[in-house]
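Secondary and tertiary structure notes
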Amino acid sequence: MTTYTDLLQPDRGQPARTIEIIEAAGFDTWLKAQPPRSRAAIAAQKMSEKAGSSAIVPGEAADDWSVALAVASATLGAWDIAKLAETLPEGSYRLSGEAGAAMLGWLLGQYRFDRYRKPEGDGPRVLLSAEPARFEEVTRIAAATTQVRDLVNTGAADLGPAELEAEARGLTEKYGGAIHVTKGEALAKGYPMVQAVGQAAAKGREPRLIELEWGDPKSPRIAIVGKGVCFDSGGLDIKPSSGMRLMKKDMGGAAHALALAGLVMAARLKVRLHLLIPAVENAIAGNAFRPGDVLRTRKGLTVENTNTDAEGRLVLGDALTRAGEEKPELILDFATLTGAARVAVGPDLPATFVNDEPLAEALFAAARTVDDPLWRLPLWDGYDEMLKSDIADMVNAPDGGFAGAVTAALFLRRFVPEGTPWAHFDTFAWRPASKPGRPKGGDALGLRAAWAMLKERYG
């Protein structure tokens, strides 16, 4: 995993290249003030007032140069200097103004996933800053984001239920707490939907429910739940090859939950944390669960399985039931749950469902503050009837495909204790195209918003 602790250093006047920040509104004035040699270099590099445009500006000596960067505002956002962190030569740099939120982009612009190839040869770009009080928090967030990216980018052959369990055990080794894993007969008896989804997996990739508890039992209890489908073939309702191509990322919800739990524990928030990850592989074999099967649930409801490719909500249902048994004051769940959410809001915006208005206000305010956008979709009661079954208490996937993200959230709501504030993040956990500081591949979407809300509430 990429490490970041050395990429931010206190500015004590060390030798460093300057990155001059130029607001778009003042670009022409700045350009006219440059000596002819510099103006020629800037023109050759086609720098303009457009935010993100940059140039290397020569100084007086042959090896003397600085960087000019155009920005929309002198108050930098998270990604304003991320492209420079990706492209500048290795070395030390200082900004002409405060870095603030842009420190995060500086770190994540240097993220590399090199598990399956030789590391790139470029060295680190170090940012000198007079804001060292920010370093610890921003480094933690960058590391949590990297954890999500690395887990999601890892091929399913190298990341199954056992490896998710190992990630959770790593948290307890680092921060304390207790871990409990339910497998085998105990899983079939206590969490029958988790068992049903994962029972066709090969030996060594058996389904399990991973639970971690941490913190003072007297503190407010919160539950964080993450969908851990380590690979999703679609089951007997098999996906086409195009739909299966990225299904290594179907444990993206678990990756978010693990990373968020790590942030809570590292900051020692005053909570009693309950992390739950139903970890399975939705595989195909003679004992795979079938369309038309009626599944028992931990809650006692019965579910007619109308689609084996709607398995994520099944495993989450049992996990949410378990979370509710401990009477938490807040439940958050993360899941790469529906293609319908991507059709509705695209890859960048986690479709977010919240059953409590104060929680929704806090969550969306936090999302705006840290520039980690969410988009709220409705828990529309009128669509509850779509979950009706002729032979069981409910179906897992209604016919017709209307409001697929909403009906999936309504399914999950059946397993959340009435009156318990709950937010459900239907996140993509993937970027189909690169942006500065955010390469194509696995990514954390909604993590920073959830963390900012928890920190504000319990910090």
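Coordinates for the structure precede this section.
Below you will find a few notes about this structure. Per chain, residue numbering runs from 1 following the sequence as it is written. Per-residue local features of the predicted model are confined to residues with pLDDT of at least 70, and side-chain atom pairs are confined, for both listing and counting, to 80 or more; whole-chain, interface and lining totals are unaffected and use all residues. Values reported for side chains reflect all heavy atoms of the structure, with hydrogen atoms and water molecules removed beforehand.

1. Considerations on the pairing of strand β5 (residues 91-95)
Put simply, the test is: We treat two strands as partners when DSSP finds at least two bridges between them. Numbered from the N terminus, helices here are DSSP runs of H or I no shorter than four residues, and strands are runs of E no shorter than two.
Of the pairings in the sheet, the one linking strand β2 (residues 17-23) to β5 comprises 3 bridges and is parallel in character. Directly across from threonine 18, in β5, lies its bridge partner arginine 94.

2. Focus: the sheet that holds strand β17 (residues 394-395)
Read from one edge of the open sheet, 3 strands run β12-β13-β17, paired in mixed fashion. On the outer flanks of this sheet lie β12 (294-296) and β17, each paired with one strand and no other. In the sheet, β12 pairs with strand β13 (residues 302-304) via 3 bridges, with the strands oriented antiparallel. Its bridge partner lying in β13, leucine 295 is registered against valine 303.

3. Overview of the side chain of aspartate 293
Going by this rule: Counted as a polar contact is a pair of N or O atoms within 3.5 Å, where, for protein atoms, one must be capable of donating a hydrogen and the other of accepting one, and residues adjacent in sequence contribute only when both atoms are in side chains. A contact between two residues is defined here by any heavy atoms of the two lying within 4.5 Å.
Structurally, aspartate 293 can be placed in the loop between β11 (272-282) and β12. Polar contacts involving the side chain of aspartate 293 include one to the main-chain amide nitrogen of arginine 290, which spans 2.9 Å. Residue contacts for aspartate 293: discarding those within four places in its chain leaves Val303, Glu304 and Asn305.

4. Observations regarding the pattern of salt bridges
Quick note on the threshold: Salt bridge criterion: a side-chain nitrogen from Lys or Arg within 4 Å of a carboxyl oxygen from Asp or Glu. For every residue, the accessible area obtained with a 1.4 Å probe (protein chains only) is divided by the maximum for its type, and the residue is called buried under 20%, exposed over 50%, and partly exposed between those limits.
On inspection of all chains with the given rule, the structure shows 29 salt bridges. A salt bridge links lysine 239 to aspartate 232, with the nearest nitrogen and oxygen atoms 3.6 Å apart. Residue lysine 239 is classed as buried on the basis of its relative accessible area of 16%. With a relative accessible area of 2%, aspartate 232 lands in the buried category. The closest approach of N and O atoms between arginine 290 and aspartate 293, which form a salt bridge, is 3.4 Å. Shared partners join several salt bridges into a network, and the residues in it are Arg149, Asp348, Arg431, Lys435 and Asp443.

5. Considering helix α2 (residues 36-44)
We count it as follows: This arc corresponds to the set of directions leading from the helix axis out to the C-beta atoms.
If you check which residues of α2 are buried, you get Ser38, Ala41 and Ile42. Buried residues of α2 fall within an arc of 100° about the axis and therefore sit on the same side. Relative to its buried face, α2 has exposed residues pointing more than 90 degrees away, namely Pro36, Ala43 and Ala44. On its buried face, α2 sits against α1 (27-32) and β3 (54-58).

6. Structural notes on the environment of glutamate 136
Tracing the backbone through its elements, the reader meets glutamate 136 in helix α5 (residues 135-153). Between the C-alpha atoms of glutamate 136 and leucine 8, which are 128 residues apart in sequence, the distance is 9.6 Å. At a separation of 2.8 Å, a polar atom in the side chain of glutamate 136 contacts the side chain of arginine 140.

7. Some remarks on a nonpolar patch on the surface
Test applied: Excluding any residue in a salt bridge, patches collect residues exceeding 30% relative accessible area, merging like charges within 9 Å and nonpolar Val, Leu, Ile, Met, Phe, Trp and Tyr side chains within 5 Å. Per-residue accessibility takes into account occlusion by the displayed protein chains alone, with areas from the Shrake-Rupley method and a 1.4 Å probe.
On the surface, a cluster of nonpolar side chains totalling about 260 Å² of accessible area is made up of Leu236, Ile238 and Ile284. Here isoleucine 284 lies in the loop between β11 and β12.

8. Re the sheet that holds β5
Condition: Only the stretch in contact is used when fitting a helix axis, every axis being a line fitted to C-alpha atoms; angles between N-to-C directions are given from 0 to 180 degrees.
Strands sit in the order β1-β6-β5-β2-β4-β3 across an open sheet of 6 strands; the sheet is mixed. Pairing within the sheet leaves two strands with one partner each, and these edge strands are β1 (8-10) and β3. Neighbour to neighbour, the strand axes of the sheet diverge by 30° on average, direction disregarded. In this structure, β5 lies alongside strand β6 (residues 125-129), joined through 4 bridges in parallel fashion.

9. Quick notes on helix α11 (residues 312-325)
Quick reminder of the rule: In a helix, the anticipated span is given by 1.5 Å times the number of residues less one.
Here α11 is 14 residues long and its end C-alpha atoms lie 20 Å apart, about the 20 Å a rise of 1.5 Å per residue gives. Within α11, 13 of the 14 residues are buried, leaving the element largely enclosed by the surrounding structure. Of the residues flanking the end of α11, it is lysine 327, one or two places downstream, whose phi is positive at about 55°.

10. Observations regarding the packing of aromatic side chains
Let me state the cut-off plainly: Side-chain rings of Phe, Tyr and Trp (the six-membered ring for Trp) are treated as a pair once their centres are within 6.5 Å; stacked means planes under 30 degrees apart, edge-to-face means over 60, and tilted covers the remaining angles. In this scheme, Lys NZ or Arg CZ marks a charge over a ring once it lies within 6 Å of the ring centre and within 35 degrees of the ring normal.
Under the counting rule described, the total for this entry stands at 7 aromatic pairs. For the pair phenylalanine 113 and tyrosine 116, a centre-to-centre distance of 5.9 Å together with 70° between the ring planes defines the contact as edge-to-face. In this structure tyrosine 116 comes out as partly exposed when scored by relative accessible area, which is 48%. With a centroid separation of 5.3 Å and an interplanar angle of 50°, the aromatic rings of phenylalanine 411 and phenylalanine 415 are classed as tilted. On the accessibility criterion, phenylalanine 415 (2% relative accessible area) is buried. These aromatic residues form a ring-pair network of at least three members: Trp65, Tyr93 and Trp106. Seen from the ring of tyrosine 111, arginine 149 lies directly overhead, with NZ or CZ sitting 5.1 Å from the centre.

11. Digging into unusual backbone geometry
If you check the backbone angles, lysine 46 has positive phi at about 60° while not being a glycine. What makes lysine 46 exposed here is its relative accessible area of 72%. The backbone phi angle of lysine 327 is positive, close to 55°, even though this residue is not glycine. You can call lysine 327 exposed: its relative accessible area is 70%.

12. As for the environment of arginine 457
By the element assignment, arginine 457 lies in helix α15 (residues 447-458). A relative accessible area of 40% places arginine 457 in the partly exposed class. Once the C-alpha coordinates of arginine 457 and leucine 359 are considered, the two residues, 98 residues apart in sequence, prove to be 10.0 Å apart. Residues in contact with arginine 457, not counting those within four places in the same chain, are Glu329, Leu330 and Leu359. One polar contact links arginine 457 to tyrosine 458, side chain to side chain, over a distance of 3.4 Å.

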